[in-house]
Every structure is written in C-alpha cells, then in structure tokens.
Amino acid sequence: MPEFVEIFEVGPRDGLQNEKAQIATEDKIALVDCLSAAGFKRIEVASFVSPKWVPQMADSGAVLAGINRKSGISYAALTPNMKGFERAVEAKADEIAIFASASEGFSKANINASIAESLERFAPVAAAAQAQGIPVRGYVSCVTDCPYDGKTDPLDVARVAKALLDLGCYEISLGDTIGQGTPERIQAMLKAVIDVVPVTQLAGHYHDTSGRALDNIETSLELGVRVFDAAVGGLGGCPYAPGAAGNVATEAVDQRLIALGYQTGLDAAIISKAADMARAMRAGS
Ligand code: HMG
Ligand code: MG
C-alpha cells in the first residue's frame, strides 16, 4: 500500500484572495462544491480578515453558508484577530488558522503588527477556539525570503513555529510566500524547525513563483513532511507580498506525488475540472 500524503486545498482562499475584480459568491461556492467531491480532507474556503484589507474575501460568511458541506471534510478559515474568530464561529467554520510571519517586514505589511504583537493577538483567538473545540492551524510566512527584509534566518522560522505550537496549533504550515526558496534553503529551514516542532505537525506551503515548488516538496518529503498546501489551477498570491503570484498547483502536486509512489486519495478528473473553473474565474474577473 503506497504511503499517504495529504494535499490541503487552499485555492478558494489563497488562490482567489488576490484577484482584483470581485468574483461572484455563487462561483466561489460552485468551486468549493466541486472540490468537495475530489477527496480532500481539508479545504480552506474563507478568510475573516478586514474587508478593507482584502475585499475579495468579504463574502466569506456567505460562501460558508452556501456550500454543500460534505461529511468528513474540514472547511477552514483564516482569522487574524478576535473579530475574525467571532465571524468564523458564526459562519460555522470547522477549523480556523492564525497566521504569523518569520519576518518583521511582512508581518507589519500583512497584519499591521510586529511578530510579537501578532502572537499576543493570536493568543486569545487560539484560547477561545480551544474552549469551543475548534481546531487551530498556524501559518508561518516568509520562511526563506521576505519581500521587505530579504533572506530569513531559519532560527526565526523555528522560533515563530514553536510559538504557534505553544499556542495550541495542531499543525504549522510553513509558507514560502514569494516562492524564492531553493531545495537547499528549504532543507536548512526545515531542519531548524524540526528541532522544535515534530515533523508530523508540519505542512509545506510553497508558492511556485520561481518554478521550484515541486522540488521543494520533494526535499520536504525526504525530511518527513507529509502534508502540502496547494491551490487548484495554480492561482494565488498575497496582496501584501509583491511578486507572490502562484500557489503551487494542486494538480501538479498530485501528479508528482503519485509519480514518486505516494497516494493522495484524490480524483484527478474532478481536480482538473475544478482547475478549469478556478482559471475561468480569474479570466472573467
Ligand atoms: P488594522 O487596520 O490594524 O485593524 O488591521 P484594526 O483592529 O485597527 O481595525 C481596523 C478596521 O477593520 C475596524 O473597522 C475594524 O472593525 C475592522 P472600522 O472601525 O475602521 O470600521 N476589522 C475587521 N473587520 C472584519 N473582520 C475582521 C476585522 N478586524 C478588524 N477580522 C488586520 C489589522 C489584521 C485586521 C488587517 O491587517 C488584516 O485584515 N490583514 C489581513 C491581510 C490578509 O488577509 N493577507 C492575506 C492572508 S495571509 C497569506 O496569504 C499568507 C499565507 O497564505 C501563507 C503564505 O503564503 O506565507 C497564509
Ligand atoms: Mg500563501
């Protein structure tokens, strides 16, 4: 039996959040419903951030209300603060994610807080989620490079990842936000993080800006990482990370994992259909 590697689908959130023209809520719902049939265990569908900062995600509550929830799938949402958490609870998100950065420049640009301030802000969110039995995932952005501060020290990534683990995150997703990482630097970063966070609680979140995301996934597999975030159709980027275009495409990760002898449990034909839908949304926006 081939070993299982999970792809965490982030397309409806990370893939779409950077689109300038507003995508119709019904189209977002149709994309999630299509993805729900593909075999994912977790799909990030919403982001309860400030609508002034990311207007594209302003209809997150309506998206969560409109989808056909399939049992066994966790529908996830980003929550930057208590206000976002309250909106996520109201919308019945199955799990939430708090998102920090390993670099000060991106932290300030993305969430208007220093790293230390952001961790203080996340503490009550994580505590409230735990009190309500809602799983919390953590993100660390800029794990190799920051668009404002340059190269990131692996020890800074390890420090922030450990802080998120200590807040109660069940998994820490390590983001190469601007897709500049090389396999060597991803390896050095992962080694530092694995010293303080069990590898079974790590995920790779690699943007494909430089076309190296699949190589970075292979390197991560060698070190024991078994969860990777990806966005169907390779859409994506972060409005506060110039040059961050393109999450690694779900269909490309799926193909590479299968070629390497892993199983993903995904239906390639449905993913291909969802990728077409996602690309059409960009074309139409
Ligand atoms: P701020 O302006 O410092 O916040 O933003 P504030 O607390 O001063 O509030 C300002 C206004 O926003 C107030 O409204 C608040 O009520 C409202 P006003 O009184 O002016 O009318 N507000 C909210 N409204 C709705 N929902 C909320 C919320 N919070 C405040 N949750 C804040 C601070 C964190 C809110 C802002 O900076 C923000 O929303 N940032 C999010 C940016 C973002 O979404 N970036 C993309 C996601 S991260 C990413 O893509 C990276 C990742 O993929 C991993 C990787 O690739 O590395 C995860
Ligand atoms: Mg991202």
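Residue positions are counted from 1 within each chain, in the order its sequence is given. Here the convention is simple: chains get letters from A, ligands get numbers from 1, in the order in which they are written. With pLDDT at 70 or above as the cut-off, local features in this predicted model cover only qualifying residues; side-chain atom pairs require 80 or more to be listed or tallied, and sums for whole chains, interfaces and linings still use all residues.

1. Points about the overall build of the protein
Next up, step 1: A run of H or I in DSSP counts as a helix once it spans at least four residues, and a run of E counts as a strand once it spans at least two, with each numbered from the N terminus. Each helix and strand in the protein was counted, giving 11 helices and 10 strands.
Next up, step 2: The globule rule is 2.2 Å times the number of residues to the power 0.38, and the radius of gyration it is compared with is taken over C-alpha atoms. Radius of gyration (C-alpha) of the protein: 17 Å, near the 19 Å computed for a compact globule of 285 residues.
Next up, step 3: Each principal axis of the C-alpha atoms in the protein carries an extent, and together these give about 45 × 40 × 35 Å.
Next up, step 4: Residues counted as buried form 52% of the 285 residues belonging to the protein. In this scheme every C-beta is placed from the backbone, and a residue whose C-beta has 20 or more other C-beta atoms within 10 Å is buried, one with 12 or fewer is exposed, and one in between is partly exposed.

2. Side note on helix α6 (residues 115-131)
Next up, step 1: Helix length check: α6 (17 residues) gives 24 Å between terminal C-alpha atoms against 24 Å at 1.5 Å per residue, within 8%.
Next up, step 2: To get the bend at any residue, fit one axis to the seven residues that end at it and another to the seven that begin at it, then take the angle between the two axes. The sharpest bend along α6 measures roughly 25 degrees and falls at F122, with the proline P124 sitting one to four residues further on.
Next up, step 3: If you check which residues of α6 are buried, you get I115, S118, F122, V125, A126 and A129.
Next up, step 4: Where α6 ends, the next residue or the one after it, G133, has phi of about 70 degrees, a positive value. Multiply 1.5 Å by the residue count of a helix minus one, and that product is the helix's expected span.

3. A closer look at the site of ligand 1
Next up, step 1: As a rule, any residue with its backbone-derived C-beta atom within 6 Å of a molecule or strand is reported as near that molecule or strand. The full set close to ligand 1 counts 27 residues, and V49, G84, S141, G175 and T177 are the nearest of them.
Next up, step 2: Of all elements in the fold, only α4 (82-90), α5 (104-111) and β5 (136-141) reach the threshold of two or more residues within the shell around ligand 1.
Next up, step 3: No other element matches α4, which puts 3 residues into the shell around ligand 1.
Next up, step 4: Residues are sorted three ways: Asp, Glu, Lys and Arg are charged, Ala, Val, Leu, Ile, Met, Phe, Trp, Tyr, Cys and Pro are nonpolar, and all the rest, Gly among them, are polar. Residues belonging to the shell around ligand 1 are distributed by class as follows: 12 nonpolar, 11 polar and 4 charged.

4. What to know about the pairing of strand β3 (residues 74-78)
Next up, step 1: With 4 of its 5 residues buried, β3 lies for the most part within the structure.
Next up, step 2: Regarding topology, helix α3 (residues 60-66) serves as the crossover connection from strand β2 (residues 42-47) to the parallel β3, and that connection is right-handed.
Next up, step 3: At least two bridges found by DSSP between two strands are what make those strands a pair. Relative to strand β4 (residues 95-101), β3 runs parallel, the two being bridged by 3 bridges. The partner of L78 across the bridge, within β4, is A97.
Next up, step 4: For the handedness criterion, the β-α-β arrangement of β3, α4 and β4 is classed as right-handed. A clockwise path from the first strand over the helix to the second, with the strands pointing away from the viewer, defines a right-handed crossover.

5. Examining the pairing of strand β8 (residues 171-176)
Next up, step 1: Burial within β8 is extensive, with 6 of its 6 residues counted as buried.
Next up, step 2: Pairing between β5 and β8: 4 bridges, direction parallel. Paired with G138 across the bridge in β8 is I172.
Next up, step 3: Inspection of the sheet shows β8 paired to strand β9 (residues 202-206) by 5 bridges, in the parallel sense. Bridge pairing in β9 links I172 to L202.
Next up, step 4: The parallel pair β8 and β9, bridged by helix α8 (residues 183-194), forms a crossover whose chirality is right-handed.

6. Some remarks on the environment of I217
Next up, step 1: Along the chain, I217 turns up in helix α9 (residues 213-222).
Next up, step 2: Once the C-alpha coordinates of I217 and S36 are considered, the two residues, 181 residues apart in sequence, prove to be 24 Å apart.

7. Some points on helix α7 (residues 154-166)
Next up, step 1: Across its 13 residues, α7 extends 18 Å between first and last C-alpha, which sits within 8% of the 18 Å expected from 1.5 Å per residue.
Next up, step 2: Regarding α7, the residues found buried are P154, D156, V157, A158, V160, A161, A163 and L164.
Next up, step 3: Here the contact rule is simple: place C-beta atoms from the backbone, and any two residues whose C-beta atoms are within 7 Å are in contact. Summarising the contacts, the buried residues of α7 are in contact with β4, α6, β5, β8 and α8.
Next up, step 4: Looking one or two residues beyond α7, the residue adopting positive phi is G168, at roughly 110 degrees.

8. Section: the confidence of the model for the protein
If pLDDT is low for a region, its predicted coordinates should not be looked at in detail.
Next up, step 1: In this model, the protein carries a mean pLDDT of 96, and residues with pLDDT of at least 70 account for 98%.
Next up, step 2: Scored as a complex, the prediction yields pTM 0.97 and ipTM 0.98. On a scale of 0 to 100, pLDDT captures the predictor's confidence in every residue.

9. Here's the deal with unusual backbone geometry
Next up, step 1: Unlike most non-glycine residues, K92 shows phi in positive territory, near 60 degrees.
Next up, step 2: Relative to the assigned elements, K92 resides in the loop between α4 and β4.
Next up, step 3: We classify K92 as partly exposed; it has 13 C-beta atoms within 10 Å.
Next up, step 4: In this structure, N112 is a non-glycine residue whose phi angle is positive, near 55 degrees.
Next up, step 5: With respect to the secondary-structure elements, N112 resides in the loop between α5 and α6.
Next up, step 6: Classification of N112 by C-beta neighbours within 10 Å gives partly exposed; the count is 13.

10. Here we look at the environment of A249
Next up, step 1: For A249, the position within the fold is in the loop between β10 (227-230) and α10 (250-259).
Next up, step 2: The spacing of A249 and V54 is 195 residues in sequence and 22 Å in space, taken between C-alpha atoms.
Next up, step 3: Other than its neighbours up to four places away in sequence, A249 contacts A230, A231, G233 and G234.

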